[in-house]
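Chain residues, written in single-letter form:
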Amino acid sequence: MSTLDLHADPIDLTAALVDIPSVSHDESAIAAAVESALGEQTTGFEIIRNGNAVLARTDRGLPSRVMLAGHLDTVPIADNVPSRREGDLLHGCGTVDMKSGDAVFLHLAATVENLAHDLTLVFYDCEEIAAVHNGLGRIEREIPEWLRADVAILGEPTGGLIEAGCQGTLRVTLTTRGTRAHSARSWLGDNAIHRFAPVLQRLSDYTARSVDIDGCVYREGLSAVRIAGGVAGNVVPDAAELDVNFRFAPDRSAEQAIDHVREVFDGLELGFEVTDLSPGALPGLTDPAAAALIEAAGGEFRAKYGWTDVSRFSALGIPAVNYGPGDPNLAHKRDEHVPVQQITDVATVLRAYLSTP
């Protein structure tokens, strides 16, 4: 079993975590290393294992509780393990998404002595694959008492800037029906693909809404993301389908998002099937615990574009933010890398936030 030094510089700890392969469904080695390191190198933590997730918490009776959460799995390795350091950049699978965030959390658990808040650490499995496998969902079902906190910090890559809340996402499959015919006698048929013309026109004309919530501006978007249809090169098609993705601001509920998309296409003869739906997360920055984190970070923050597991915390009534080193645009890439200074900076900010003056 690999040995992790939680007292080492979090840059070196990031490299050590990257060097333990942990593709989704294969996190047992890294979970064992994390569990062992927390047990041997921290004090005052209750530590448990749940599948390939490792959880730890203090119970000092402090007035607030902060949850630090990060996933241990990565996407499939692309010839980018082990890690390598080139100047101010650390390369390797997971350096961005999100072993640098995990390293910061582990390092702080072992080195912050004068805690201002009780801590809960959640290192979970299977985030990078279908939601049904997500370890955070399993924890919520099996040991929900571990997911109680006044604020949650998810170590997803944000370039070292706090990104609050997240957008919701909705995917809908629209279908049309027509009449099949030989294309040489097209007037005898009814082209199902052509029936999408008014649908595409409404999408093209759609004006996205922007919403300011707690100083975070969320811009919505409604987009066609896939179209399919056709039988053969000489046949007028009698069926076609179009996938539409709606990224919506967190002030809309999931039901309101569905209703809005239905309204956009009102009056058109279409099949309408919801194929994926995840609600957004409100930023909750007016909560005192969250406001203190913003203050520790110098008052800088922005809205999170895209969906993350902060939505799960928001559904539990916990204000949650994304905060971690690394450019999210580099996540999952063969050349995934993180500026080491961002690891240092995030660790510095969180140390100040978690410590008493």
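None of these values were measured; they are calculated from a predicted model.

By the element assignment, R195 lies in the loop between β10 (181-182) and α5 (197-205). Other than its neighbours up to four places away in sequence, R195 contacts T176, R177, G178, D190 and E269.

Approximately 620 Å³ is the volume found for the largest pocket. Around the largest pocket sit 25 residues that line it, and E127, R247, G306, W307 and T308 are the ones nearest its centre. Among the secondary structure elements, those contributing two or more residues to the lining of the largest pocket are β9 (168-177) and β16 (271-278). For the lining of the largest pocket, the element with the highest residue contribution is β16, accounting for three residues. Split into classes, the residues belonging to the lining of the largest pocket amount to nine nonpolar, six polar and 10 charged.

Scanning the model with the defined rule gives 16 salt bridges in all. The closest approach of N and O atoms between R302 and E163, which form a salt bridge, is 2.8 Å. With R302 in strand β17 (residues 301-303) and E163 in strand β8 (residues 162-164), the pair connects residues that are 139 residues apart, well separated along the chain. E163 sits in the buried class, given a relative accessible area of 6%. Taken together, the salt bridges that share partners define one network made up of R209, E220, D251 and R252.

About the criteria used
Residues numbered from 1 in each chain as written. Predicted model: local features only at pLDDT ≥ 70, side-chain atom pairs only at ≥ 80, totals over all residues. Heavy atoms only, no water. Helix = DSSP H or I, 4+ residues; strand = E, 2+ residues; numbered from the N terminus. Contact = heavy atoms within 4.5 Å. 1 Å grid on protein atoms, 1.4 Å probe; cavity = no way out; pocket = protein on both sides within 12 Å on 5 of 7 lines; lining within 4 Å. Points joined across faces, edges and corners; volume = space filled by probe spheres on them. Nonpolar A, V, L, I, M, F, W, Y, C, P; charged D, E, K, R; others polar. Salt bridge = Lys/Arg side-chain N within 4 Å of Asp/Glu carboxyl O. Buried < 20%, exposed > 50% of the residue type's maximum accessible area, 1.4 Å probe, protein only.

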